[in-house]
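Residues per chain are reported as follows:
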Amino acid sequence: MSDFETKNTGSEEMSQEESSLVTMMDEEGNEHTFEHVDSFPLNGETYVVLIPTEEEVEQGEADEVLIFTLHADEEGNEALLLVEDEAELDMAFEEFKIRMQDEFDFEE
């Protein structure tokens, strides 16, 4: 996706305790923690936007937005599926940029 920086708008920023943290495992079984920054419905899907925590970025993780769709199975268990289709990803990211333009500076 695109790199981003949090805007300093002069207002009090959301503290780590107020934000939602999500821990996910990669293919090698390593845990990575992300901050949930937004969820929104678009074209019949619910998109979930995560960003790496500052700790993850300091450890060399990319400072990029990750976009997932939220799906539930027959038993009601929810799962996040990474959006891989480029057109869908671009559409969801554009919506995220509009929704969060006051919170982030987006680099093209």
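Above this text you will find the structure in question.
Residues numbered from 1 in each chain as written. Predicted model: local features only at pLDDT ≥ 70, side-chain atom pairs only at ≥ 80, totals over all residues. Heavy atoms only, no water.

Visitor: Looking at this model, I keep getting lost on the sheet that holds strand E3 (residues 31–42). Mind explaining?
Guide: Either a parallel or an antiparallel arrangement is found when strands of a sheet pair, and the pairing is made through backbone hydrogen bonds. As summarised here, the arrangement of the 5 strands in space is E2-E3-E4-E5-E6, forming an open sheet in which the pairing is antiparallel. Where the open sheet ends on each side, the last strands, each with one partner, are strand E2 (20–25) and strand E6 (78–82). Going from strand to strand, the sheet's axes swing by 45 degrees on average, the running direction of each strand aside. Of the strand pairs in this sheet, E3 and strand E4 (residues 45–52) are connected by 8 bridges, and their pairing is antiparallel. Pairing of Glu35 across the sheet is with Ile51, part of E4. (Pairing = 2+ DSSP bridges. Helix = DSSP H or I, 4+ residues; strand = E, 2+ residues; numbered from the N terminus. Axes fitted to C-alpha atoms, helices over the stretch in contact; angles between N-to-C directions.)

Visitor: Help me out: how do you make sense of the nonpolar core in this one?
Guide: Here is a general trend for soluble globular proteins: nonpolar side chains tend to be buried in one another's company. Counting residues in each nonpolar core, the largest one holds 16 residues, and the members touching the most others are Phe40, Tyr47, Val49, Val65, Ile67, Phe96 and Phe104. Within the residue set of this core, elements represented by two or more residues are E3, E4, helix H2 (86–99) and strand E7 (104–106). (Core = buried A, V, L, I, M, F, W, Y, C linked by side-chain atoms within 4.5 Å. Buried < 20%, exposed > 50% of the residue type's maximum accessible area, 1.4 Å probe, protein only.)

Visitor: Could you clarify how one ought to interpret the side chain of His32 in this entry?
Guide: Looking at where His32 falls in the secondary structure, it is placed in strand E3. A distance of 2.9 Å separates the side chain of His32 from the side chain of Asp26, its partner in a polar contact. (Polar contact = N/O pair within 3.5 Å; in protein donor to acceptor, adjacent residues only side chain to side chain.)

Visitor: Honestly, the environment of Glu88 in this entry has me stumped. Any pointers?
Guide: Note on placement: Glu88 falls in helix H2. Along the chain, Glu88 and Ile67 lie 21 residues apart, while their C-alpha atoms are 10.0 Å from each other. Setting aside residues no more than four positions away along its own chain, Glu88 makes contact with Glu45, Tyr47, Thr69 and Val83. Polar contacts involving the side chain of Glu88 include one to the side chain of Tyr47, which spans 2.6 Å. (Contact = heavy atoms within 4.5 Å.)

Visitor: Got a minute to help me understand unusual backbone geometry in this structure?
Guide: For residues besides glycine, phi is generally negative; the peptide bonds are generally trans as well. For Asn43, which is not glycine, the phi dihedral falls at a positive 50 degrees. Here Asn43 shows up in the loop between E3 and E4. A residue is classified by how much of its surface remains accessible, and Asn43, at 61% relative accessible area, is exposed.

Visitor: What is the right way to read the packing of aromatic side chains from this model?
Guide: Per the stated rule, a full pass over the model turns up 2 aromatic pairs. Pairing Phe40 with Tyr47 gives two aromatic rings, centres 5.7 Å apart and planes at 25 degrees, and the pair type is stacked. You can call Phe40 buried: its relative accessible area is 1%. (Phe/Tyr/Trp six-rings, centres within 6.5 Å; stacked < 30°, edge-to-face > 60°.)

Visitor: Explain H2 here, please?
Guide: Given 3.6 residues per helical turn, the α-helix brings residues three or four places apart onto the same face. In a regular helix each residue adds 1.5 Å, so 14 residues correspond to 20 Å; H2 covers 20 Å between its end C-alpha atoms and thus fits that length. Here H2 has its buried residues at Leu89, Ala92, Phe93, Phe96 and Lys97. Down the axis of H2, the sector holding all buried residues measures 140 degrees, keeping them to one side. Of the residues in H2, the exposed ones pointing more than 90 degrees away from the buried face are Ala87 and Ile98. (Expected span 1.5 Å × (residues − 1). Arc of directions from axis to C-beta.)

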